Amino acid sequence: MEEYQAQMKALSEKLLGIMFKSLGLAQDDIKWLHSKTNHHPPQAVLQLNSYPACPDPAHAMGLAPHTDSSLITLLHQSSNATGLQISGDGGNLWIPVNPIPGALTVNVGDLMHIATNGRFKTALHRAVVNRTRHRVSMAYFYGTPQEVKISPPMKLVDVDHPLLYQPVTWKEYLDAKGKYFNRALEFIKCEALFIADRCRQL
Ligand SMILES: O=C(O)CCC(=O)C(=O)O
Ligand SMILES: [Fe+2]
């Protein structure tokens, strides 16, 4: 398990580096991301999910529609059963994300949505139970260091892209998520007054 987590951590950092670079950001813009040079390294959680088979999947709960609260999630799903589904339209249409042997699924999470000012969009997904097969999955949630207030680099904020969310730590965000669940992002949205105030400070 420790070795798996170490590998997932390295992969998360690599992927995030590539994703931020794709937005034109340099290493200096995302200093908090580099755990080797950071006093307080980014935090991560490993979660194991088990979904017993159910002959009537429509009447069983797998994992309800949600977005992950991480920056990114690296998901391993057992290759013998389907169950993960993603929605691009707020939960009307669900598209299966079937397992590919040897491949991981990468979810963009809420913190990445906040940290990139909405350039990378958090992914709404759910897990439904399989009719005949027991399914397991292993989710590695990669987040930010404990004390970091997540806020996009100023290069991603301008008049065409006003600041969308108030700066929050992962802990503060998880508290909001616990209270407001799928509406947590909405809850930390900048009010017009807050945006005007921040813009004056830029
Ligand atoms: O089991 C799955 O495929 C999804 C798991 C998941 O979304 C989660 O643990 O947050
Ligand atoms: Fe998830």
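On a predicted model such as this, the values are computed, not experimentally measured, just so you know.

Some points on the coordination of the iron ion (ligand 2)
Move 1: Looking at the iron ion (ligand 2), the protein donor atoms are His66 (NE2), Asp68 (OD) and His125 (NE2), and they sit 2.1 to 2.2 Å from it.
Move 2: Between consecutive donor residues of the iron ion (ligand 2), the sequence gaps follow H-x1-D-x56-H. Residue His66 is found in strand S2 (residues 63-66), and its partner His125 is found in strand S7 (residues 124-127); the two are separated by 59 residues along the sequence.
Move 3: On the basis of relative accessible area, His66 is assigned to the buried category, the value being 12%.

Brief notes about the site of ligand 1
Move 1: Around ligand 1, the structure places 14 residues, and the nearest of them are Asn49, Tyr51, His125, Arg135 and Ser137.
Move 2: At 3.1 Å from an oxygen atom of ligand 1 is found a side-chain nitrogen or oxygen belonging to Gln47.
Move 3: Residue Ser137 places a side-chain N or O atom 2.7 Å away from an oxygen atom belonging to ligand 1.
Move 4: When ligand 1 sits alone it has 300 Å² of accessible area, and the protein chains cover 98% of it.
Move 5: For the shell around ligand 1, the secondary structure elements donating two or more residues are strand S1 (44-51), S2, S7 and strand S8 (135-142).
Move 6: With four residues, the top contributor of residues to the shell around ligand 1 is S8.
Move 7: Partitioned by chemical class, the residues of the shell around ligand 1 number seven nonpolar, five polar and two charged.

Side note on helix H3 (residues 170-180)
Move 1: What H3 keeps buried is the set Trp170, Tyr173, Ala176 and Lys177. Taken down its axis, H3 places every buried residue within 120° of arc, on the same side. Away from its buried face by more than 90 degrees, H3 exposes Lys171, Gly178 and Lys179.
Move 2: At its buried positions, H3 is contacted by S1, helix H2 (110-115), S8 and helix H4 (184-187).

Overview of the UniProt feature "domain: Fe2OG dioxygenase" (unreviewed entry) in the protein chain
Move 1: What UniProt calls "domain: Fe2OG dioxygenase" (unreviewed entry) maps, in this numbering, to residues 41-144.
Move 2: The span residues 41-144 carries 6% helix and 38% strand; its end-to-end C-alpha distance comes to 8 Å.

Structural notes on the sheet that holds strand S4 (residues 84-87)
Move 1: Spatially, the four strands line up as an open sheet ordered S2-S7-S4-S5, and their pairing is antiparallel. Each end of this open sheet is capped by a strand with a single partner; those strands are S2 and strand S5 (95-96).
Move 2: Here S4 pairs with S5 via two bridges, running antiparallel. Each residue of the ladder has a partner; that of Gln85, found in S5, is Pro96.

Scoring rules and cut-offs
Residues numbered from 1 in each chain as written. Chains lettered and ligands numbered in written order. Predicted model: local features only at pLDDT ≥ 70, side-chain atom pairs only at ≥ 80, totals over all residues. Heavy atoms only, no water. Donors = N, O, S within 2.8 Å, 3.2 Å for Na, K, Ca; no water. Helix = DSSP H or I, 4+ residues; strand = E, 2+ residues; numbered from the N terminus. Buried < 20%, exposed > 50% of the residue type's maximum accessible area, 1.4 Å probe, protein only. Near = heavy atom within 4 Å. Polar contact = N/O pair within 3.5 Å; in protein donor to acceptor, adjacent residues only side chain to side chain. Areas by Shrake-Rupley, 256 points an atom, 1.4 Å probe, with all protein chains shown as cover. Nonpolar A, V, L, I, M, F, W, Y, C, P; charged D, E, K, R; others polar. Arc of directions from axis to C-beta. Contact = heavy atoms within 4.5 Å. UniProt positions renumbered as here; feature names shortened; annotations may be inferred. Pairing = 2+ DSSP bridges.

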